[in-house]
Amino acid sequence: MSDFFDTFYLEKICPLRATTCSGDAENNAAFRSGFSVSWDDDESDIRISYDSPEWAALSLDWTATGSPRWLSLNLSLGDGIIDEGDILALVFEGYADTSLALSLTLRSKIDENVFDVKWEDAVEMHPENGISTVLHRIEAGEQIVGRLGYHTLILSLPRQDNALTLRNLRTFRIPASKGLCRAPETQLSLAV
């Protein structure tokens with residue numbers, strides 16, 4: 001049975017990968033279903049163009065003037081429940097004009113409240129094409145556990161001129177019910 005992570009991949013990423021399109025992105029507006037960019041327009045002026053060529057999912061090219069407090073690419077994953085111990089994953093193939101580390105935040109709107117879950121690892125990109133896999137385990141104390149909400153994965157982009165190309169992208173979740181190890185193994189835990 002698929003969940004909202006799989007649905008996002010099948011209904012948003014796959015069509016983007018199969019489509020050729022281009023244009024200028026607007027602040028806080030979807031430029032393709034499930035994909036948007038947002039930035040601080042009080043402190044800066046940002047111009048972002050997007051392209052989805054035959055050979056890649058998405059290219060973004062932007063210029064920034066001023067000092068934006070944030071600039072992000074947002075993946076609107078959809079409605080769902082995330083449980084304690086679930087492992088969320090993003091696999092990212094692509095490259096950028098300069099080496100980048102894109103930090104990740106899962107933003108969840110539950111009822112009228114918004115909760116942010118910061119991921120420890122970042123998506124690493126370099127001028128040469130490469131693959132970056134980022135995983136995050138949902139812990140017991142996180143306020144999103146077991147609650148229906150609308151989830152958006154936010155990738156923080158550099159706040160100065162740059163460009164990046166996503167040749168391919170995959171989101172998925174490994175449910176805690178699959179029985180993966182919850183605590184990291186140590187030499188002591190392996191001793192007989």
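All of the points below concern the structure found in this document. (Residues numbered from 1 in each chain as written. Predicted model: local features only at pLDDT ≥ 70, side-chain atom pairs only at ≥ 80, totals over all residues. Heavy atoms only, no water.)

Side note on the environment of Leu-169
Mapping Leu-169 onto the fold places it in strand β14 (residues 162-174). For the pair Leu-169 and Ile-144, spaced 25 residues apart in sequence, the C-alpha separation works out to 24 Å. Aside from chain neighbours lying at most four places away, what touches Leu-169 is Tyr-9, Ile-13, Phe-35, Leu-75, Leu-90, Val-91 and Phe-92. (Helix = DSSP H or I, 4+ residues; strand = E, 2+ residues; numbered from the N terminus. Contact = heavy atoms within 4.5 Å.)

Observations concerning the sheet that holds strand β10 (residues 113-118)
As summarised here, the arrangement of the six strands in space is β2-β3-β6-β13-β9-β10, forming an open sheet in which the pairing is antiparallel. Two strands close off the open sheet at either side, each with one partner strand: β2 (29-32) and β10. Averaged over all neighbouring strand pairs, the angle between strand axes comes to 30°, with direction disregarded. (Pairing = 2+ DSSP bridges. Axes fitted to C-alpha atoms, helices over the stretch in contact; angles between N-to-C directions.)

Re the pairing of strand β6 (residues 71-81)
Of all eleven residues that make up β6, eight are buried, and the element is covered over most of its length. Strand direction decides the pairing type here: strand β3 (residues 35-39) and β6, joined by five bridges, are antiparallel. By the bridge assignment for β6, Val-37 is matched with Leu-73. The pairing of β6 with strand β13 (residues 148-156) spans nine bridges and is antiparallel. Across the sheet, residue Asp-79 finds its bridge partner in β13, namely Tyr-150. (Buried < 20%, exposed > 50% of the residue type's maximum accessible area, 1.4 Å probe, protein only.)

Things to note about the pattern of salt bridges
The final tally for this structure, using the stated rule, is nine salt bridges. For Arg-69, the salt bridge is made with Asp-40, and the minimal N-O distance between the two is 2.9 Å. Here Asp-40 lies in the loop between β3 and β4 (44-52) and Arg-69 lies in the loop between β5 (58-66) and β6, a separation of 29 residues in the sequence. Taking relative accessible area as the criterion, Arg-69 reaches 49% and is therefore assigned partly exposed. Residue class for Asp-40 comes out buried when judged on its relative accessible area of 0%. The shortest N-O distance in the salt bridge between Asp-86 and Arg-173 comes to 3.0 Å. Separated by 87 residues along the polypeptide, Asp-86 in the loop between β6 and β7 (87-96) and Arg-173 in strand β14 bring together distant segments of the chain. (Salt bridge = Lys/Arg side-chain N within 4 Å of Asp/Glu carboxyl O.)

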